[in-house]
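# Overview (structure and organization)
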Amino acid sequence: MRHFLTLKDFSKEEILEIIDLAIVIKKETKAKIFKKYMPNQTLGMIFEKSSTRTRVSFETGIYQLGGVGLFLSSNDIQLGRGEPIKDTSRVISRMVDMIMIRNDSQNELEEFSRYSKVPVINGLTDKFHPVQLMADYLTIIEANKSENLKVAYVGDGNNMTHSWLMLSSKLGFDLNIATPIGYEVDSEILAMAQEFAKISGATITISNDPKAAVADASVVTTDTWVSMGQEAQKEKRLKDFDGYIVDDALMSLARKDAIFLHCLPAYRGYEVSEEVFESHSDVIFNEAENRLHVQKAIMVWLDQNRDN
Ligand code: CP
Ligand code: NVA
């Protein structure tokens, strides 16, 4: 049985197989063909943090696949009152067919998965947001940017950045990351990416220089400067990230036809200017929609790769 906890567990071939499946499923969905790939299955969806896209896309997705989604806010279940994660896993996984979790800790997610009888999907942790990156890559393909791909990530070295490191190093495209001093990516995750990059041929560059990072990029991306759970650091972060906004001046250093991606929610005037956001909104909202299609593919793929 496979889980979907981080892209480090997936080969290039597997990532592309899921993307190909997402392309098929998206085409069917657009033609209003809703194949029941997972009839009568229940997806448990545990949320310890807020969500718009992840909740709506997983719940709609499992319904379209013939199943049903069960929304479980950690405030409402005993997990939020201290029931151990391993007990929660052993209970819920006996009753549902697949589980998606958004929580604070990749370690706890991994612990949950070790005790689960059914596949577990990472809906965002402190370390990774792999389902988002799958949607981002589908968006890149649809925008005809997957050849000669060079991605520039400007901003916080966070769960999104770590996931970009995994995607780039697995698929073999170039990635430039620019973060402010003190907000660099996790060194262990970077080292792992550098190892994968030796095999895939990706060139990964890390700096504190947004202009150098964006030079010649075909995709420019960023994320909020204040992730969920970091609200107390907001004032300091906004000061420390001064100069890291993706605005027209920065975008003008990228390739002429470069696209801009954002996982959303976006905070205009901080990590991205209103002008850059609105002039790339078609791609950004296609990226958001692709969460639905790609996650349906992930669920179907995990279902098809069970032992039983
Ligand atoms: N990008 C993303 O995961 O959005 P939500 O937090 O709204 O789920
Ligand atoms: N880095 C952000 C991503 C939100 C989808 C966070 O963790 O809040």
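See the structure printed just above.
First, a word on scope: everything that follows refers to the structure included in this document. Owing to the predicted nature of the structure, the values given are computational and were not obtained by experimental measurement.

Turning our attention to the packing of aromatic side chains. Scanning the model with the defined rule gives 10 aromatic pairs in all. Geometrically, the ring pair formed by Trp-225 and Phe-241 is stacked, given 5.3 Å between the ring centres and 20° between the ring planes. Of this pair, Trp-225 sits in the loop between β8 (219-222) and α9 (234-240) while Phe-241 sits in the loop between α9 and α10 (248-251), and the two are 16 residues apart along the sequence. In this structure Trp-225 comes out as buried when scored by relative accessible area, which is 5%. Residue class for Phe-241 comes out buried when judged on its relative accessible area of 0%. Both rings, one in Trp-225 and one in Tyr-270, keep their centres 6.2 Å apart while their planes meet at 80°; by these two values the pair is edge-to-face. Within this pair, whereas Trp-225 is found in the loop between β8 and α9, its partner Tyr-270 is found in the loop between β9 (259-262) and α11 (274-279), the two being separated by 45 residues in sequence. On the basis of relative accessibility, which here comes to 36%, the residue Tyr-270 falls in the partly exposed class. We note Arg-2 situated over the ring of Phe-10; from NZ or CZ to the ring centre the distance is 4.7 Å. The lysine or arginine in question, Arg-55, covers the ring of Phe-71, its NZ or CZ lying 3.7 Å from the ring centre.

Let's shift gears to the sheet that holds strand β7 (residues 204-207). If you walk across this open sheet you meet the five strands as β7-β6-β5-β8-β9, and the pairing is parallel. The open sheet has two edge strands with one neighbour each: β7 and β9. The sheet shows a mean angle of 20° between the axes of neighbouring strands, direction not considered. Judged from the three bridges that link them, strand β5 (residues 150-154) and β8 form a sheet pairing that is parallel. Its bridge partner being in β8, Ala-152 is matched across the sheet by Val-220.

All right, on to the nonpolar core then. Counting residues in hydrophobic clusters, the biggest one holds 59 residues, and the most contacted among them are Phe-4, Ile-121 and Trp-164. Look past the residues within four positions of Ile-121 in its chain and what remains in contact with it is Phe-4, Phe-58, Met-98, Ile-99, Met-100, Ile-101, Val-131, Ile-298, Met-299 and Leu-302.

The subject of this paragraph is the site of ligand 1. All residues in the neighbourhood of ligand 1 are listed as Ser-51, Thr-52, Arg-53, Thr-54, Arg-102, His-129, Gln-132, Cys-263, Leu-264 and Arg-291. Here Thr-54 contributes a side-chain N or O atom positioned 2.7 Å from an oxygen atom of ligand 1. Here Arg-102 contributes a side-chain N or O atom positioned 2.8 Å from an oxygen atom of ligand 1. Out of a free accessible area of 250 Å², ligand 1 has 95% covered by protein chains. Partitioning the shell around ligand 1 into residue classes produces two nonpolar, five polar and three charged.

Here the focus is the site of ligand 2. Lining the immediate surroundings of ligand 2 are Leu-124, Asn-158, Asn-159, Asp-223, Thr-224, Ser-227, Met-228 and Leu-264. Between ligand 2 and Asn-158, the relevant distance is 3.4 Å, taken from a nitrogen atom to a side-chain nitrogen or oxygen of the residue. Between Asp-223 and ligand 2, the recorded distance is 2.6 Å, taken from a side-chain N or O atom to a nitrogen atom. Taken by itself ligand 2 offers 270 Å² of open surface, and the protein chains cover 95% of this. When the residues that make up the shell around ligand 2 are grouped by side-chain class, the tally is three nonpolar, four polar and one charged.

In the structure shown here, the tally under the stated rule is 17 salt bridges. A salt bridge links Asp-126 to Lys-127; the nearest nitrogen and oxygen atoms lie 3.7 Å apart. Looking at Lys-127, the relative accessible area reads 28%, which means it is partly exposed. Through salt bridges that share partners, Lys-150, Asp-216 and Arg-255 make up one connected network.

Cut-offs used in this document
Residues numbered from 1 in each chain as written. Chains lettered and ligands numbered in written order. Predicted model: local features only at pLDDT ≥ 70, side-chain atom pairs only at ≥ 80, totals over all residues. Heavy atoms only, no water. Phe/Tyr/Trp six-rings, centres within 6.5 Å; stacked < 30°, edge-to-face > 60°. Helix = DSSP H or I, 4+ residues; strand = E, 2+ residues; numbered from the N terminus. Buried < 20%, exposed > 50% of the residue type's maximum accessible area, 1.4 Å probe, protein only. Lys NZ or Arg CZ within 6 Å of the ring centre and 35° of its normal. Pairing = 2+ DSSP bridges. Axes fitted to C-alpha atoms, helices over the stretch in contact; angles between N-to-C directions. Core = buried A, V, L, I, M, F, W, Y, C linked by side-chain atoms within 4.5 Å. Contact = heavy atoms within 4.5 Å. Near = heavy atom within 4 Å. Polar contact = N/O pair within 3.5 Å; in protein donor to acceptor, adjacent residues only side chain to side chain. Areas by Shrake-Rupley, 256 points an atom, 1.4 Å probe, with all protein chains shown as cover. Nonpolar A, V, L, I, M, F, W, Y, C, P; charged D, E, K, R; others polar. Salt bridge = Lys/Arg side-chain N within 4 Å of Asp/Glu carboxyl O.

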